[in-house]
Amino acid sequence: MDDTDGLLARTTERLLAEQVDDAAMRAAASGLWLEQAWSAAAELGLPLAMVEGEQGFGVALSDGFALIRLLGSRAIPLPLAETMIANLLLARAGLPVAEGVVALIPAAAGVRLDRQGEGWRARGVADRIAWGRNAAALVVEGDGRIALLTSGFEVSAAGTNLAQMPRDQLTIDGAAQVASWPGLTLLEAGALVRAVAAAGAMETLVQLCTTHVVERTQFGRALSGFQVVQHALARLASEAAAAAAAADLAVDAFVASAADAGLAIAAARSRVGEAVGVATGIAHQLHGAMGFTEEHRLHWFTTALWSWRDEFGSAGWWTRHLGAAMLARPKAAYWPTVTAV
Amino acid sequence: MANGHGGLMAMYDKLHFPSPPANDAAEALRTQVRDFLAVTISGRTPLQRAESWNGFDRDFSRALGARGWLGMTWPRRYGGHERSTHERYVVVEETLAAGAPVSAHWIADRQSGPTLLKFGTEAQREAILPRIARGDCVFCIGMSEPDAGSDLAAVRTRAEPVDGGWRVTGTKLWTTNAHEADYMILFCRTSGSAADRHKGTSQLLVDMKATEGMTVRPILDLAGQHHFNEVHFEAAFIPSAALIGVEGEGWSQVMSELAFERSGPERFLSSMQLLLELVGALQGSDSELAQAAIGRLTAHLLALRRLSRGVATMLAAGQDASTQAAIVKDLGASFEQELPEIARSLVDAEPDRRSTQDLLAVLGYTLMSAPSFSLRGGTREILRGIIARGLGLR
Ligand SMILES: Cc1cc2nc3c(=O)[nH]c(=O)nc-3n(C[C@H](O)[C@H](O)[C@H](O)COP(=O)(O)OP(=O)(O)OC[C@H]3O[C@@H](n4cnc5c(N)ncnc54)[C@H](O)[C@@H]3O)c2cc1C
């Protein structure tokens, strides 16, 4: 399916506007699962949107990532992006796609995949798994393999990230369907999703700030009339643009299955991570005390950004990872690598 | 990516630059340019490469012209090659990344030629564009004056109409390459007074080799090098055929010229040699400090290149990219100014332009160039004002 006319994007936006209003955002922050919104999204087909072939809707990958960006721009407190990408990877590995919420368990979580008779078993404890408490299935990676689990796991400790989105510890001991996996790691896939969502949320920061400085008056004029405010917003906008460009670079590399897609994702995470620090700081400064309250919407975006930038590998780790990869090549290969990514 | 998000403001598109299309012709060209540069500039030291912007070498420019790599996008009848914007982009970024001496052609290729193509008379186009495309015509930019820097509309240089042309009086300042140039595009007042601001200004094509009443005086930059100049006009006669475009429309023409000036990859690639020397010095390092620094710089470079190619994509589609170009130039200048600061934190030695160690020499050179990055071509503050206007704040 081709969404060049943006129909799916528009439908999704309408659905999100209806289903995830401010009251729903507050309910989610208090720990409620937004069942109605999830069902509506599932009915629209979002969890399977990016899956090619009979199992899914085969939305062009770049359009799929545009949906993830949209979810990020509204800081939607549902595991839709994770589930979309998990189902895409499952289908690519030749495994069945999953019903309901899927959680990603990267190899770094340390869950082991062992042979057991004819089949396989996954065992271990995985920390800070997004919406682990709501997961109907897990995608686990280990030793060049990818596995689907639909049972044999439970929440052993509940937690959240800074935006009150569930990040739970799962204890896993269950039968798994396994396939070999030569593709991008789950860490890279998860990192990409977070980078794209963060780029979307940063775009919202620009909008919130622009609206605020135009509406708020001090010293008898709109804040937007002060040059120092204009320049702060220009910096915020530039960081948002850089984050979006870095995320786009990674998306394009992923879509093209480029050899250097891993580097592009690392670069996106590094650049987005830095942009988040600058952008959230400016956004709060421009909003004054009102932006520092629970009541104001701003913190839905800033707290999500503070968490997303360090999920699926911290920004610092991705930055060093990229640096090590570039330093492992000869100096003469540096520029050619830059143009190839 | 899908752009059909109805409810979002128009700003969305401004900050979400278009994806550069895959371009096989441009990538094939890249290999040719690399092969050419590997031979043509093989003798240049890293320090000479670092001077890329300021490296003045007419032979190199002619060699580039002979390959068909100047005036690339212009019509054939003016000596151009009717290649795509993306192909031109590849030539520009490859020459800069390699540290080739671009100073004898890049102003002409980047902004003066396009300005003549857009606004010039047929005679001007026919006489000059083929020479630029051959790498045989050096241009300088006559915009800034002692009392008109950021506030360009305050120019005082005046062209009084006389029989057959104008008598020009006034002083242009910071004119890069005026002492080498064949031509200047002079921005001056042809009617009214400075109080009229944008009205009454025009652009004139000044022959730098044959204009009487014009004197060029060198100004050394802080590194003691002679690149820019003061150009004084004392009732200098400029023939009427020198008018570019429409008399009185100089302001909109000069804004268009600045858009060409600000949109290219030179705004973040002029310090590439320092990054390359740093990568060379730290190669294989398992220092986390080194990895973090190179990772961060690489991420910035990749994002900048992506943004800049987005601008090129917009220009290729005939769109106005002034806000986006300002974003790239502002981010690019910050990146290039941070680069020497980061480099010096990773090498335990003093920067020295005369050092036999390439890294230290390039570091010394780049440190001494860095203040200009956020001045030339529009200051940081002016660019941020442009971005703020793009966001609808002013
Ligand atoms: C290496 C180099 C090469 C150059 N080559 C050329 C050339 O070839 N041709 C040419 O015409 N010019 C050239 N220039 C000049 C360049 O365009 C000017 O330096 C630039 O436009 C700024 O003008 P200015 O130096 O007079 O600084 P000013 O305009 O006096 O600015 C000084 C400071 O005040 C700030 N400022 C000014 N106005 C405002 C405002 N409204 N709000 C906030 N801050 C403000 C500026 O941002 C800057 O930080 C060159 C400059 C350099 C450094």
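How each quantity is defined
Residues numbered from 1 in each chain as written. Chains lettered and ligands numbered in written order. Predicted model: local features only at pLDDT ≥ 70, side-chain atom pairs only at ≥ 80, totals over all residues. Heavy atoms only, no water. Helix = DSSP H or I, 4+ residues; strand = E, 2+ residues; numbered from the N terminus. Rg over C-alpha atoms; globule rule 2.2 N^0.38 Å. Buried < 20%, exposed > 50% of the residue type's maximum accessible area, 1.4 Å probe, protein only. Contact = heavy atoms within 4.5 Å. Areas by Shrake-Rupley, 256 points an atom, 1.4 Å probe, with all protein chains shown as cover. Lys, Arg positive; Asp, Glu negative; His and termini not counted. Charge placed at Lys NZ, Arg CZ, Asp CG, Glu CD. Expected span 1.5 Å × (residues − 1). Near = heavy atom within 4 Å. Polar contact = N/O pair within 3.5 Å; in protein donor to acceptor, adjacent residues only side chain to side chain. Nonpolar A, V, L, I, M, F, W, Y, C, P; charged D, E, K, R; others polar. Domains from an automatic or database assignment. Buried area = accessible area lost by both parts, 1.4 Å probe. Salt bridge = Lys/Arg side-chain N within 4 Å of Asp/Glu carboxyl O.

### Details of the overall build of chain B
Right, on to step 1. For chain B, the helix and strand inventory stands at 14 helices and eight strands.
Right, on to step 2. Computed over C-alpha atoms, the radius of gyration of chain B comes to 21 Å, within 12% of the 21 Å expected from 2.2 N^0.38 for 394 residues, which places it in the range of a compact globule.
Right, on to step 3. Taking all 394 residues of chain B together, 57% fall into the buried category.
Right, on to step 4. Of all intrachain contacts in chain B linking residues separated by at least 6 positions in sequence, the fraction that spans at least 24 positions is 73%.
Right, on to step 5. Put simply, chain B shows about 15,200 Å² of open surface, and 51% of that area lies on carbon and sulfur atoms.
Right, on to step 6. Distance between charge centres in chain B, computed from 41 positive and 46 negative side chains, equals 3 Å.

### Concerning helix 8 (residues 250–262) of chain B
Every α-helix winds through 3.6 residues per turn, so residues three or four apart in the chain are directed the same way.
Right, on to step 1. With 13 residues, helix 8 of chain B extends 18 Å from end C-alpha to end C-alpha; this agrees with the ideal 18 Å at 1.5 Å per step.
Right, on to step 2. Of all the residues in helix 8 of chain B, the buried ones are Gly250, Trp251, Gln253, Val254, Ser256, Glu257, Leu258, Glu261 and Arg262 of chain B.

### Some words on the site of the ligand
Residues and elements named next belong to chain B.
Right, on to step 1. Inspection of the region around the ligand gives 15 residues, with Ser144, Ser150, Trp174, Thr379 and Glu381 positioned closest.
Right, on to step 2. Between tryptophan 174 and the ligand, the recorded distance is 2.9 Å, taken from a backbone N or O atom to a nitrogen atom.
Right, on to step 3. One of the side-chain N or O atoms of threonine 176 is found 2.8 Å from a nitrogen atom in the ligand.
Right, on to step 4. Taking 970 Å² as the accessible area of the ligand by itself, protein coverage stands at 63%.
Right, on to step 5. Its residues assigned to classes, the shell around the ligand comprises five nonpolar, eight polar and two charged.
Right, on to step 6. In this structure, the shell around the ligand is formed jointly by two domains, domain 2 (141–248) and domain 3 (264–390), each of which donates at least three residues.

### Details of unusual backbone geometry
Glycine aside, negative phi is the norm for most residues, and most peptide bonds take the trans geometry.
Residue and element names in this part refer to chain A.
Right, on to step 1. For alanine 75, which is not a glycine, the phi torsion comes out positive at approximately 50°.
Right, on to step 2. Checked against the element boundaries, alanine 75 lands in the loop between helix 4 (61–73) and helix 5 (80–92).
Right, on to step 3. Taking the relative accessible area as the measure of exposure, alanine 75 reaches 2% and is therefore buried.

### Topic: the domain arrangement of chain B
Residues and elements named next belong to chain B.
Right, on to step 1. For chain B, the assigned domains read domain 1 (17–137), domain 2 (141–248) and domain 3 (264–390).
Right, on to step 2. Placing the centre of domain 2 and that of domain 3 at their C-alpha centroids yields a distance of 31 Å.
Right, on to step 3. Opposite the four residues of domain 2 that make contact, domain 3 presents six residues.
Right, on to step 4. Interface of domain 2 and domain 3: buried area, both sides summed, is about 400 Å²; carbon and sulfur atoms make up 58% of it.
Right, on to step 5. When the buried area of domain 2 at its contact with domain 3 is split by residue, Ser150, Leu222 and Ala223 rank highest and sum to 81% of it.

### Here we look at the interface of chain B and chain A
Right, on to step 1. The interface is formed by 56 residues belonging to chain B together with 56 residues belonging to chain A.
Right, on to step 2. In this structure, the connection of chain B to chain A is made through four salt bridges.
Right, on to step 3. At the boundary of chain B with chain A, the tally comes to eleven residue pairs in polar contact (both at pLDDT 80 or more).
Right, on to step 4. Contributions of two or more residues to the side of chain B that touches chain A are made by helix 1 (11–15), helix 2 (24–40), helix 5 (85–98), helix 10 (272–282), helix 11 (288–316), helix 12 (322–346) and helix 14 (380–390) of chain B.
Right, on to step 5. Residue contributions to the side of chain B that touches chain A peak at 16 residues, all from helix 11 of chain B.
Right, on to step 6. Looking at the side of chain B that touches chain A residue by residue, the class counts come to 29 nonpolar, 15 polar and twelve charged.

### Overview of the side chain of serine 271 of chain B
Right, on to step 1. Residue position: serine 271 of chain B is located in the loop between helix 9 (266–269) and helix 10.
Right, on to step 2. When sequence neighbours within four positions are dropped, the list of residues in contact with serine 271 of chain B reads Glu336, Leu339, Thr366 and Phe373 of chain B.

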